[in-house]
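# Topology and contacts: notes
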Amino acid sequence: MREVSRDCFVSYQGKKYSVPFRYAGQKVKIKITLDREIEIYDEQECMAKHPILTGKAQMIAKKEHNEELQNKEKGQEKKNHNGLATHDSPPAPEVEIRPLAAYAVLEEGDPV
């Protein structure tokens, strides 16, 4: 059993192999095939398959393992009132705008 890292990789012999993002933090099983491939399994099925890395290569990632996450994030982005991209966050509170002279009066102790 191996644990999938937060960045969606499983480590085997010092090399990293990508898995679909939804498995981050979960325990998975690995199997090395006679064809020199690593197969990564959840409870029932093979969710990722990679050739065993040799030489200086340190990691291998498949684009489709993160596409679902990227599409999900893009769908959640909205524009806030300033036109900036933001996630589902509460709206900013209304703030009263006062002239600086009002603060000067407060320093002197007089009511506004």
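First, a word on scope: everything that follows refers to the structure included in this document. (Residues numbered from 1 in each chain as written. Predicted model: local features only at pLDDT ≥ 70, side-chain atom pairs only at ≥ 80, totals over all residues. Heavy atoms only, no water.)

## Examining the nonpolar core
What counts is decided by this rule: Here, the term nonpolar core denotes a set of buried Ala, Val, Leu, Ile, Met, Phe, Trp, Tyr and Cys residues that are joined through side-chain atoms within 4.5 Å. The buried label goes to any residue with under 20% of its type's maximum accessible area, the exposed label to any with over 50%, and the partly exposed label to all in between, with areas taken from a 1.4 Å probe on protein chains only. In this text, helices come from DSSP runs of H or I with a minimum length of four residues, and strands from runs of E with a minimum of two, each type numbered from the N-terminal end. Whether two residues touch is decided by their heavy atoms; if any such pair falls within 4.5 Å, the residues are in contact.
Grouped together as the largest cluster of nonpolar side chains are 13 residues, with contacts concentrated most on Tyr17, Val19, Ile40 and Met47. The set of elements that each furnish at least two residues to this core consists of β2 (9-12), β5 (37-41) and β6 (46-51). If we ignore the near neighbours within four places in the chain, the residues touching Val19 are Val4, Cys8, Val10, Ile40, Met47, Ala48 and His65.

## So, the pairing of strand β3 (residues 15-18)
Heads up, the condition is: Strands are labelled as partners when DSSP assigns at least two bridges between them.
Of the strand pairs in this sheet, β2 and β3 are connected by 4 bridges, and their pairing is antiparallel. Looking at β3, one finds that Ser11 is bridged to Lys16. Connecting β2 to the antiparallel partner β3 that follows it, the hairpin turn spans 2 residues, and Gln13 within it adopts a positive phi of roughly 50°. Pairing of β3 with strand β7 (residues 59-60) involves 2 bridges; the strand directions are parallel. Bridging across to β7, Lys16 finds its partner in Met59.

## Describing unusual backbone geometry
Backbone geometry at Cys8 places phi at a positive 70°, although glycine is not the residue there. Mapped onto the elements, Cys8 comes out in the loop between β1 (2-3) and β2. We note that Arg36 has phi near 60°; this positive angle belongs to a residue other than glycine.

## Description of the sheet that holds β6
One open sheet accounts for 4 strands, arranged β1-β4-β5-β6; its pairing is antiparallel. Of all the strands in the sheet, the pair left with one neighbour each is β1 and β6. Here strand β4 (residues 27-32) runs beside β5; their pairing, made up of 4 bridges, is antiparallel. Residue pairing across strands places Lys31 opposite Glu39, the latter belonging to β5.

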